[in-house]
Each structure stands twice: as structure tokens, then as C-alpha cells.
Amino acid sequence: MSERAADLLTRVATYQFGPGADEALFPDVDGLDVTTTRSGRPRQVRDGDDRLLEYGSDGRFTLGVAGGRRLLDGLDDARHQVVVGDDSEPFVREGRNAFAKFVTDADEGIRPGDEVLVVHYDGDLLGVGRAELPGEAMLSFETGMAVKVRHGAGPDSSEASSD
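Residues numbered from 1 in each chain as written. Predicted model: local features only at pLDDT ≥ 70, side-chain atom pairs only at ≥ 80, totals over all residues. Heavy atoms only, no water.

A word on the overall build of the chain
Phase 1 of the analysis: On a plain count of helices and strands, the chain comes out with five helices and eleven strands.
Phase 2 of the analysis: Against the globule reference of 15 Å for 163 residues, the chain gives a C-alpha radius of gyration of 15 Å, in line with a compact fold.
Phase 3 of the analysis: Projected onto its principal axes, the C-alpha coordinates of the chain cover approximately 45 × 30 × 30 Å.
Phase 4 of the analysis: The proportion of buried residues among the 163 residues of the chain is 46%.
Phase 5 of the analysis: The long-range share in the chain, meaning contacts at least 24 apart out of those at least 6 apart in sequence, stands at 53%.
Phase 6 of the analysis: Taken as a whole, the chain presents about 8400 Å² of accessible surface, with 46% of it coming from carbon and sulfur.
Phase 7 of the analysis: Considering the chain, the positive charge centre built from 18 side chains and the negative charge centre built from 32 side chains are found 8 Å apart. (Helix = DSSP H or I, 4+ residues; strand = E, 2+ residues; numbered from the N terminus. Rg over C-alpha atoms; globule rule 2.2 N^0.38 Å. Buried < 20%, exposed > 50% of the residue type's maximum accessible area, 1.4 Å probe, protein only. Contact = heavy atoms within 4.5 Å. Areas by Shrake-Rupley, 256 points an atom, 1.4 Å probe, with all protein chains shown as cover. Lys, Arg positive; Asp, Glu negative; His and termini not counted. Charge placed at Lys NZ, Arg CZ, Asp CG, Glu CD.)

Here you go:
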């Protein structure tokens, strides 16, 4: 990977997910497989067979399950996390959406459109997706979709895609 692409990816990770996210996502940038567009802009970032993320045309990352796991393991705080209980666990693992009624905790800094991690209260990653509500509203609303889950972690921790 070029130095320019590595610098871009680490800066976007820090901007989007906060300090420490670049080290969590890219501990060894030289070992990553980065596919690019014809213009040379990074598109997909993989580590072996695991898709970490996609760099969108809007300049933001969309996470894969492997990228979500790296953020969950690499960040000390609960940034970008939505916590659900047992009622939602099997559905989110399958790639189904998380609803506000079942959210037990959420980062109050989450804004609609943010990329988030859906986590079981015991700390397991269930899926990754896009926040549909602010973090504070996820806790207070009794109805509505909290997170549009893009990828569920699957029952055996392999990436399962949702439509």
C-alpha cells in the first residue's frame, strides 16, 4: 500500500472513530490488502480473507465485522457502541436491524448516520451498521429502528450479510 493511501486511511479512522481507532483498525498497514478505484482512491481494505472496511465515496468508512471486532477490542471506551440484550441477540447476529425498544445502553455521542457496533451486554460483537437515531434517543424511544444492521456477526462469528 502506498504511503499516501496509508496516511489517508489512518486519518479517516481517527476522524470518524476518534483517537486510537487508527491503531485498532490498522496495527500493520503494510500487511493489508487494499483495492483501489481507477483513480487510485482506496475502496476495500482486507486483512487476508477478512473485510475490515470499505472507504465510501462520501469519505467515510463502512465497517465489516472484522473491522468492528478490531474497534471493539482496540478501543478502551464504549465509543460508537449500541448495547442490546438477549431478546435482540439472535436477530442482530443474523443481520437484522436493532430496534430502540431493545437497546439497553448507547454512546450518547452517536448521531444518525454514524457507523456503529451493536454489542451484546456481555461484550460480544453482534453486528455493525448505521445508526438511525441519536444515541440518547435510542435509550428513550420505545419504538423505531435504532440501527440499520449491515452485517451480522453470525452464530459462529463468521460474517453474515443482510439485505
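Considering the nonpolar core
Phase 1 of the analysis: In this structure, Leu-25, Phe-26, Val-45, Phe-61, Leu-71 and Leu-117 are the most contacted members of the largest nonpolar core, which totals 26 residues.
Phase 2 of the analysis: In this structure, Ala-98, Val-116, Leu-126 and Ala-146 belong to the second largest nonpolar core, which totals 18 residues. (Core = buried A, V, L, I, M, F, W, Y, C linked by side-chain atoms within 4.5 Å.)

Some words on the pairing of strand β9 (residues 125–131)
Phase 1 of the analysis: The buried count for β9 comes to six of seven residues, which makes it a mostly enclosed element.
Phase 2 of the analysis: Where strand β8 (residues 115–120) meets β9, five bridges bridge the pair, whose relative direction is antiparallel. Across the sheet, the residue bridging to Leu-117 is Val-128, located in β9.
Phase 3 of the analysis: As consecutive antiparallel partners, β8 and β9 are separated by four residues, and within that stretch Gly-123 has a phi angle of approximately 105 degrees, a positive value.
Phase 4 of the analysis: Note: β9 against strand β10 (residues 145–152), five bridges, orientation antiparallel. By the bridge assignment, Gly-127 is partnered in β10 with Gly-152. (Pairing = 2+ DSSP bridges.)

Considerations on the confidence of the model for the chain
Phase 1 of the analysis: Taken over all residues, the pLDDT of the chain has a mean of 89, while the share at 70 or more is 94%.
Phase 2 of the analysis: Taken as a whole, residues 157–163 scores under 50 in pLDDT and shows 21 contacts with residues more than four places along the chain or in a different chain. (pLDDT = per-residue confidence, 0-100.)

What about the pairing of strand β1 (residues 33–36)?
Phase 1 of the analysis: Relative to strand β2 (residues 42–47), β1 is paired through four bridges, and the arrangement is antiparallel. For Val-34, the partnering residue across the bridge sits in β2 and is Val-45.
Phase 2 of the analysis: The antiparallel hairpin formed by β1 and β2 contains five residues in its connecting segment, where Gly-40 sits at a positive phi of about 100 degrees.

A look at helix α1 (residues 3–17)
Phase 1 of the analysis: If you check α1, its first and last C-alpha atoms are 21 Å apart, about what 15 residues at 1.5 Å a residue would give, namely 21 Å.
Phase 2 of the analysis: The positive-phi residue at the C-terminal boundary of α1 is Gly-18, with phi of around 100 degrees. (Expected span 1.5 Å × (residues − 1).)

Things to note about the sheet that holds strand β4 (residues 61–63)
Phase 1 of the analysis: A sheet is described by the order of its strands in space; here four strands give the open sequence β1-β2-β3-β4, paired in antiparallel fashion. If you trace the sheet from one side to the other, it starts and ends with β1 and β4, each paired once. Ignoring strand direction, the axes of neighbouring strands in this sheet form an average angle of 20 degrees.
Phase 2 of the analysis: Contacts from α1 reach β1, β2, β3 (50–55) and β4 within the one sheet, and its direction differs from that of β4 by about 75 degrees.
Phase 3 of the analysis: Against the sheet, helix α3 (residues 65–74) engages β2, β3 and β4, with an angle of about 90 degrees to β3. (Axes fitted to C-alpha atoms, helices over the stretch in contact; angles between N-to-C directions.)

Some points on the packing of aromatic side chains
Phase 1 of the analysis: Considering all chains together, one arrives at two aromatic pairs under this definition.
Phase 2 of the analysis: On the numbers, 6.3 Å between centres and 75 degrees between planes, the contact of Phe-26 with Phe-61 is edge-to-face. On the criterion of sequence distance, the pair formed by Phe-26 in the loop between α2 (21–25) and β1 and Phe-61 in strand β4 is long-range, its members being 35 residues apart.
Phase 3 of the analysis: What makes Phe-61 buried here is its relative accessible area of 1%.
Phase 4 of the analysis: With 5.8 Å between their ring centres and 65 degrees between their planes, Tyr-55 and Phe-61 make a pair best called edge-to-face.
Phase 5 of the analysis: Overall, Tyr-55 belongs to the buried group, its relative accessible area being 8%.
Phase 6 of the analysis: Put simply, the rings of Phe-26, Tyr-55 and Phe-61 pair up and form one aromatic cluster. (Phe/Tyr/Trp six-rings, centres within 6.5 Å; stacked < 30°, edge-to-face > 60°.)

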